[in-house]
Amino acid sequence: MEAYLDNSATTKVFENVKDIMVEIMTEDYGNPSSMHMRGVEAERYIRRSAEMIAEILKVEEKEIIFTSGGTESNNLAILGAAMANRRAGMHIITTAVEHASVHSSMEYLKEQGFRVTSLGVDASGVISLDELEHAICEDTILISVMYVNNEIGSVMPIDGIAEIIRRKKPDILFHVDAIQAFGKFEIYPKRQHIDLLSVSGHKIHGPKGTGFLYIRDKCRIRPLLLGGGQQRGLRSGTENVPGIAGLGVAAKEIYENLPEKRAGLQELKDHLIEKLQQIENVKINSQGGTGSAPHIVNASFLGIRSEVLLHALEEKNIFVSSGSACSSNKQKQTVSATLKGIGLSIEEAESALRFSFSIFTTREEIDYTLDVIRELLPKLRLYIRKK
């Protein structure tokens, strides 16, 4: 049996996504910038995907800019907003537990003279709204916060942040990294006063190398890619038509019957947490219940390094993660900022694994994983003690 429990890293594509991509690559393969019928057909696919995504978010089609994925969306939002609005101020607020694509963007902006305030989190992985409010100053131009933490599944108080911005300094731009939230939560940027929203395709059963950035109309952004002026000049380059079409189909399909899909994920999460808590020397690092993301469970298996258990599970065809796939650089292993931020000890952080589900995950996969973990832990701990 195989248990793929690394869906926060990537997901397999929907059949409908695969079908439309093959059709476009082999039949409707025109360049959307071409003026002939092949180009018009390609442009139609792009427009249709923008329409589907705009309908989900209740925004305008022109506010959707297609990108190569979450990293580019985050870079375009943060760097583009900072550079376009630097005359209004040079202060940015973010958190200490952001994805590497956000953190690295902030480090770059520091080199350009910007001042960045990085907020800590509590034991559940959530920032303090009071601390955020106190951090806002006359020079603040941008606040960038993830919706769902990719390692432990904590949910940030997005509505509370937006309310503080509206009350204290309405011209601050609000960027939300929704890469782990899109397809799990109903998100309405207009209603929630979000100016910029990043999404990645391969987290929602769409193709890798695809994503989009919602940019509120009249929000000033400086493009990162210059060239032919595609996508209203905000993202030049020939559009990835098969990928964009696949992304649109994936977005539409993941949001169909979303409450039922979310309930199914929550049931799997609650079951896994309940059973892991019954195993000796296992610490659950994710919050249970509906206050956190329904598809992520992080747990520490004390006494065993995460890489050791990860590969032992892999030998049994169980695939999990020891952290964010994007920051798992084999040459640079460091303690996760998220796990450190919620107060874990070095031992707890170095023994942590992430289990993440999709709508294709089954109860049988979870039970198989639990059986294997119960079998492996005593053997691995005995082996380590003998060494």
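Structure report, in brief.

### Description of the overall build of the protein chain
When its secondary structure is counted, the protein chain shows 13 helices and twelve strands. The globule rule puts the C-alpha radius of gyration for 387 residues at 21 Å, and the 21 Å found for the protein chain is close to it. Sorting the 387 residues of the protein chain into buried and exposed places 57% on the buried side. Per element, the accessible surface of the protein chain, about 17,100 Å² overall, is 50% carbon and sulfur.

### Some thoughts on the sheet that holds strand β6 (residues 173-177)
As summarised here, the arrangement of the seven strands in space is β2-β8-β7-β6-β5-β3-β4, forming an open sheet in which the pairing is mixed. Each having just a single partner strand, β2 (64-67) and β4 (115-119) make up the two edges of the open sheet. Between one strand and the next, the sheet's axes are offset by a mean angle of 20 degrees, whatever the strand orientation. Sheet topology note: the strand β5 (residues 140-146)/β6 ladder contains five bridges and is parallel. In the sheet register, Ser144 faces β6, and the bridge partner there is His175. Contacts from helix α2 (residues 37-57) reach β2, β7 (196-200) and β8 (211-215) within the one sheet, and its direction differs from that of β2 by about 120 degrees. Of the strands in this sheet, β3 (91-95), β4, β5 and β6 are in contact with helix α4 (residues 100-111), which crosses β3 at around 155 degrees.

### Observations regarding a positive patch on the surface
A cluster of basic side chains, namely Arg86, Arg87, Arg220 and Arg222, defines a positive patch on the protein surface. Take Arg220: it is sitting in the loop between β8 and α8 (241-254). By relative accessible area, Arg220 is classed as exposed at 53%.

### Some details on empty space enclosed by the protein
Under the counting rule described, the total for this entry stands at two cavities of 30 Å³ or more. Roughly 60 Å³ of volume is contained in the largest cavity. Lining the largest cavity are Asn7, Thr11, Lys184, Lys203, Ile204, His205, Ile254, Leu265, His295, Phe357, Ser358 and Ile359. Split into classes, the residues belonging to the lining of the largest cavity amount to five nonpolar, five polar and two charged.

### Some remarks on the sheet that holds strand β12 (residues 352-356)
Neighbouring strands of a sheet are bound in pairs by backbone hydrogen bonds; such pairs are parallel or else antiparallel. With respect to topology, three strands assemble into an open sheet ordered β9-β10-β12, the strand pairing being antiparallel. Both edges of this open sheet fall to β9 (282-284) and β12, since each of them pairs with a single strand only. The average undirected angle you get between the axes of adjacent strands in this sheet is 30 degrees. As defined by bridge partners, strand β10 (residues 296-301) adjoins β12 across five bridges and the pair is classed as antiparallel. Across the sheet, the residue bridging to Ser300 is Ala352, located in β12. In the packing of helix α9 (residues 258-276) onto the sheet, contacts are made with β9, β10 and β12, and the angle to β10 comes to roughly 15 degrees. Contacting β10 and β12, helix α10 (residues 306-314) crosses the sheet at an angle of about 40 degrees to β12.

### Topic: the nonpolar core
Ile143, Phe174 and Ile187 are the most contacted members of the largest nonpolar core, which has 68 residues in total. If we skip the residues at most four places from it in the chain, Ile143 touches Ile93, Leu132, Ile136, Ile161, Ile165, Ile172, Leu173, Phe174 and His175. With 30 residues, the next largest nonpolar core counts Leu5, Ile279, Leu353 and Ile373 among its residues.

### Details of the pairing of β6
Within a regular strand, side chains alternate between the sheet's two faces. Within β6, five of the five residues are buried, which leaves it mostly tucked inside the rest of the structure. Alternating residues of β6 divide into Leu173, His175 and Asp177 and Phe174 and Val176, and every residue in both groups is buried. Handedness of the crossover joining β5 and β6 through helix α6 (residues 158-168): right-handed.

### With respect to the pairing of β10
With six of six residues buried, β10 is to be regarded as a mostly interior element. Side chains of β10 alternate between two faces, with Ile296, Asn298 and Ser300 and Val297, Ala299 and Phe301 buried alike. Note that β9 and β10 share three bridges and pair antiparallel. Residue Ile284 lies in a different strand from β10, and its bridge partner there is Ala299.

### Section: α4
Counted at 1.5 Å a residue, the expected span for α4 with its twelve residues is 16 Å, and the 17 Å between its end C-alpha atoms agrees. Among the residues of α4, those classed as buried are Ser101, Val102, Ser105, Met106 and Leu109. For α4, the angular spread of the buried residues around the axis is 135 degrees, confining them to a single face. Contacts from the buried residues of α4 go to α3 (70-84), β3, β4, β5 and β6. Two residues or fewer after α4 comes Gly113, characterised by a positive phi angle close to 100 degrees.

Criteria and thresholds
- Residues numbered from 1 in each chain as written.
- Predicted model: local features only at pLDDT ≥ 70, side-chain atom pairs only at ≥ 80, totals over all residues.
- Heavy atoms only, no water.
- Helix = DSSP H or I, 4+ residues; strand = E, 2+ residues; numbered from the N terminus.
- Rg over C-alpha atoms; globule rule 2.2 N^0.38 Å.
- Buried < 20%, exposed > 50% of the residue type's maximum accessible area, 1.4 Å probe, protein only.
- Areas by Shrake-Rupley, 256 points an atom, 1.4 Å probe, with all protein chains shown as cover.
- Pairing = 2+ DSSP bridges.
- Axes fitted to C-alpha atoms, helices over the stretch in contact; angles between N-to-C directions.
- Contact = heavy atoms within 4.5 Å.
- Patch = residues over 30% accessible without salt bridge, like charges linked within 9 Å, V, L, I, M, F, W, Y side chains within 5 Å.
- Salt bridge = Lys/Arg side-chain N within 4 Å of Asp/Glu carboxyl O.
- Lys, Arg positive; Asp, Glu negative; His and termini not counted.
- Charge placed at Lys NZ, Arg CZ, Asp CG, Glu CD.
- 1 Å grid on protein atoms, 1.4 Å probe; cavity = no way out; pocket = protein on both sides within 12 Å on 5 of 7 lines; lining within 4 Å.
- Points joined across faces, edges and corners; volume = space filled by probe spheres on them.
- Nonpolar A, V, L, I, M, F, W, Y, C, P; charged D, E, K, R; others polar.
- Core = buried A, V, L, I, M, F, W, Y, C linked by side-chain atoms within 4.5 Å.
- Right-handed = clockwise from strand over helix to strand, strands pointing away.
- Expected span 1.5 Å × (residues − 1).
- Arc of directions from axis to C-beta.

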